[in-house]
Amino acid sequence: MTEIMEVPFLALSKNRREPIIYEKHNGPNDMIKVKVSRHTGHFLASIYDWDIVLLVAGKMQEILNNSSDIPPRTMIIPRHEIFKSLGKKNVTKQQQDLEASLSRLQLTGIDTTIRNKDGRYRAGFGISDSWGYTERKDIKEIHITLSQWLYDGICAKGSVLKVESEYFNLPSGLKKFLYRTARKHIGGHGETFEFSIEKLYEKSGSE
């Protein structure tokens, strides 16, 4: 989602405990505020965990683009498809990592004024509402229900930018962040965009 790519919603490391707090003035009556905090006993959701959301968002966008149907807020995806899309091969370990990622996405809380047009809107939510894993015979499926706020943003026209499959293989959170920033501001148009190092640091939410 392009609006999330403008502000730090995600930890760049896999073991961040400190909250992310971000504020930006866009005008006298327009201040963007974002606070990302964790449930006790869990780390903040990271940019690595977000790969799962990108996969779900892509499937929702496919439904929107290919038909007149509105995608369901709960997506059911075969486990092997998730592993393949994310480049995961060790099934036993990756199942444990996948469940940990899904838990962090559910238990990371976001409090924000994004989509605030008149100073009267504020929202608090987890990145996902719930998740589940179903295994019966040869069927192994992951059920993921995104938060209403995130779902509404994904369904908005032009809100999701597609990423190349190689993105999922980037080895560091910093590289993923730089890719997403370039994708947002340059895209495939061959244009240029300048940031100061200070501005990049602010947008990254890095510790």
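Before reading further, recall that the structure is shown in the block above.
Because the structure is a prediction, the values reported are computed rather than measured.

1. Side note on the packing of aromatic side chains
Applying the stated criterion across every chain yields a total of four aromatic pairs. Between F125 and W149, the ring centres sit 4.6 Å apart and the planes meet at 15°, which makes this aromatic pair stacked. Taken together, the residues F125 in strand β5 (residues 123-126) and W149 in helix α4 (residues 148-155) connect sequence positions 24 residues apart. Pair check on accessibility: F125 and W149 agree, each one buried. Put simply, the rings of F9, F125 and W149 pair up and form one aromatic cluster. Over the ring of Y48 we find K14; its NZ or CZ atom is 4.6 Å from the centre of that ring. The ring of Y167 has K176 sitting right over it, with the charged end atom 4.3 Å from the ring centre.

2. Quick look at the nonpolar core
Core analysis: the biggest nonpolar cluster contains 48 residues, and F9, V34, W50, I127, W149 and L150 have the highest contact counts within it. Sort the elements by how many residues they give to this core and helix α1 (residues 50-66) lands first, with eight residues. For F9, the residues in contact, after removing those within four places along its chain, are I4, I20, V34, V36, I110, I114, F125 and W149.

3. Comments concerning α4
Within the sequence span of α4, burial applies to W149, L150, Y151, G153 and I154. Where the residues of α4 are buried, they touch α1, β4 (108-112), β5 and β7 (139-146).

4. Re the pairing of strand β6 (residues 128-136)
As paired strands, β6 and β7 are joined by eight bridges and run antiparallel to one another. Among the inter-strand pairings, S128 is bridged to a residue of β7, identified as L146. In this antiparallel pair of consecutive strands, β6 and β7, the connection spans two residues, and K137 shows a positive phi of 50°.

5. So, the sheet that holds strand β3 (residues 74-78)
Within a sheet, neighbouring strands are paired by backbone hydrogen bonds and run either parallel or antiparallel to one another. The strand order β3-β7-β6 describes an open sheet built from three strands, whose pairing is antiparallel. Among the strands making up the open sheet, the edge pair consists of β3 and β6. Taken pair by pair, the neighbouring strands of this sheet meet at an average axis angle of 15°, ignoring direction. Sheet strands in contact with helix α3 (residues 91-107) are β6 and β7, and its direction is about 155° off that of β6.

6. Some remarks on the pattern of salt bridges
Under the counting rule described, the total for this entry stands at 11 salt bridges. Across the pair E6 and K184 runs a salt bridge, and its minimum N-O distance is 3.2 Å. Taken together, the residues E6 in the segment before β1 (20-27) and K184 in helix α5 (residues 173-185) connect sequence positions 178 residues apart. Overall, the relative accessible area of 23% leaves E6 in the partly exposed class. Across the pair D97 and K93 runs a salt bridge whose closest N-O atoms are separated by 2.7 Å.

7. Focus on the pairing of β3
Residues M75 and I77 of β3 are buried on one face, while the alternating residues T74, I76 and P78, pointing to the opposite face, are not. The pairing of β3 with β7 spans five bridges and is antiparallel. Its bridge partner lying in β7, I77 is registered against I142.

8. Observations regarding α1
For α1, which comprises 17 residues, the first-to-last C-alpha distance of 24 Å matches the rise-based estimate of 24 Å (1.5 Å per residue) to within 8%. Residues of α1 that are buried include every one of W50, D51, I52, V53, L54, L55, V56, A57, K59, M60 and Q61, and no others. Looking at the packing, one finds that the buried side of α1 touches β3, α2 (79-85), α3, β7, α4 and α5.

About the thresholds
Residues numbered from 1 in each chain as written. Predicted model: local features only at pLDDT ≥ 70, side-chain atom pairs only at ≥ 80, totals over all residues. Heavy atoms only, no water. Phe/Tyr/Trp six-rings, centres within 6.5 Å; stacked < 30°, edge-to-face > 60°. Helix = DSSP H or I, 4+ residues; strand = E, 2+ residues; numbered from the N terminus. Buried < 20%, exposed > 50% of the residue type's maximum accessible area, 1.4 Å probe, protein only. Lys NZ or Arg CZ within 6 Å of the ring centre and 35° of its normal. Core = buried A, V, L, I, M, F, W, Y, C linked by side-chain atoms within 4.5 Å. Contact = heavy atoms within 4.5 Å. Pairing = 2+ DSSP bridges. Axes fitted to C-alpha atoms, helices over the stretch in contact; angles between N-to-C directions. Salt bridge = Lys/Arg side-chain N within 4 Å of Asp/Glu carboxyl O. Expected span 1.5 Å × (residues − 1).

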